[in-house]
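Coordinate analysis (summary)
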Amino acid sequence: MTQVACPACNTGNRVGAGDPNAAKCGRCGEKLFTGAPIDVDDSAFAAHLKLSSIPVLVDVWAQWCGPCRMMAPTFAAAAEQFGSRVRFLKLNADQTSAPGQLGVRGIPALILFHNGREIARQAGLMSGAQLDAWLSQAIRTLSIAENHR
Ligand code: ZN
């Protein structure tokens, strides 16, 4: 059973057996998967980490960071491609205390979480192909580990 936080109201929702892209929040009625990265603040970030049973990928970025802005369309395209398999979040480094807590020294930084725990990290600008390869590999490792549990 997949569980995620609602992009709009951060409420935990269980996603049923049907098409996840049609699933809606039981509280606010918004779609649970939009195919786009979600801009999060500290509390929304914490909610997604706590409530998501799928991997959560966060892009730590800032407006003044050129490589971050170059990376944005790549990240958005990956969000659409991975759909309901991975939750894509964007965390503005200037509007949160999380980067320091996460040990982020340079941006852009991508951090992949599962069950609230960091499982992979990648710093610096990546191409779409690099991002796809890195994320696919990380997810594959994760599902192998789950199957052996
Ligand atoms: Zn909602």
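Described below are features of the structure shown in this document. The shown structure was predicted, so the numbers you read here are calculated from the model rather than taken from an experiment.

**Here we look at the side chain of His48**
If you trace the backbone, His48 turns up in helix α1 (residues 42–51). Here His48 falls in the buried class, since its relative accessible area comes to 0%. Non-local contacts of His48, meaning those with residues more than four positions away in its chain, are made with Ala5, Cys6, Pro7, Asn10, Ile38, Val40, Val56, Arg87 and Leu89.

**With respect to the packing of aromatic side chains**
Enumeration over the complete set of coordinates arrives at three aromatic pairs. Where Phe82 meets Phe88, the ring centres are 6.2 Å apart and the plane angle is 35°; that geometry is what we call tilted. In this structure, Phe82 and Phe88 share a single accessibility class: buried. Among the aromatic residues, those joined into a cluster by ring pairs are Phe75, Phe82 and Phe88.

**Here's the deal with helix α4 (residues 128–147)**
Along its 20 residues, α4 runs 28 Å from first to last C-alpha, staying within 8% of the 28 Å computed at 1.5 Å per residue. The set of residues buried in α4 consists of Leu131, Trp134, Leu135, Ser136, Ala138, Ile139 and Leu142. Summarising the contacts, the buried residues of α4 are in contact with β4 (56–61), α2 (66–82), β5 (87–92), β6 (109–114) and β7 (117–123).

**Describing the coordination of the zinc ion**
At the metal site, the zinc ion is ligated by Cys6 (SG), Cys9 (SG), Cys25 (SG) and Cys28 (SG), and these contacts range over 2.3 Å. Bound by four donor atoms, the zinc ion shows angles of 105 to 115° at the metal and therefore tetrahedral coordination geometry.

**Examining the pairing of strand β1 (residues 2–5)**
Across four bridges, β1 lies against strand β2 (residues 12–15) in antiparallel orientation. Counterpart to Thr2 in the pairing with β2 is Val15. Linking β1 back to β2 in an antiparallel pair, the connection comprises six residues, with Asn10 at a positive phi of about 70°.

**Quick look at the state of the cysteines**
The tally for this structure, following the rule as stated, stands at one disulfide. Cys65 shares a disulfide with Cys68; S-S distance 2.2 Å. Torsion about the S-S bond of the Cys65 and Cys68 cystine: about 80°, corresponding to right-handed handedness. In this pair, the class of Cys65 matches that of Cys68, namely buried.

What counts, and where the lines are drawn
Residues numbered from 1 in each chain as written. Predicted model: local features only at pLDDT ≥ 70, side-chain atom pairs only at ≥ 80, totals over all residues. Heavy atoms only, no water. Helix = DSSP H or I, 4+ residues; strand = E, 2+ residues; numbered from the N terminus. Buried < 20%, exposed > 50% of the residue type's maximum accessible area, 1.4 Å probe, protein only. Contact = heavy atoms within 4.5 Å. Phe/Tyr/Trp six-rings, centres within 6.5 Å; stacked < 30°, edge-to-face > 60°. Expected span 1.5 Å × (residues − 1). Donors = N, O, S within 2.8 Å, 3.2 Å for Na, K, Ca; no water. Tetrahedral: all angles 85-135°; square planar, octahedral: opposite > 155°, others 65-115°. Pairing = 2+ DSSP bridges. Disulfide = S-S within 2.5 Å.

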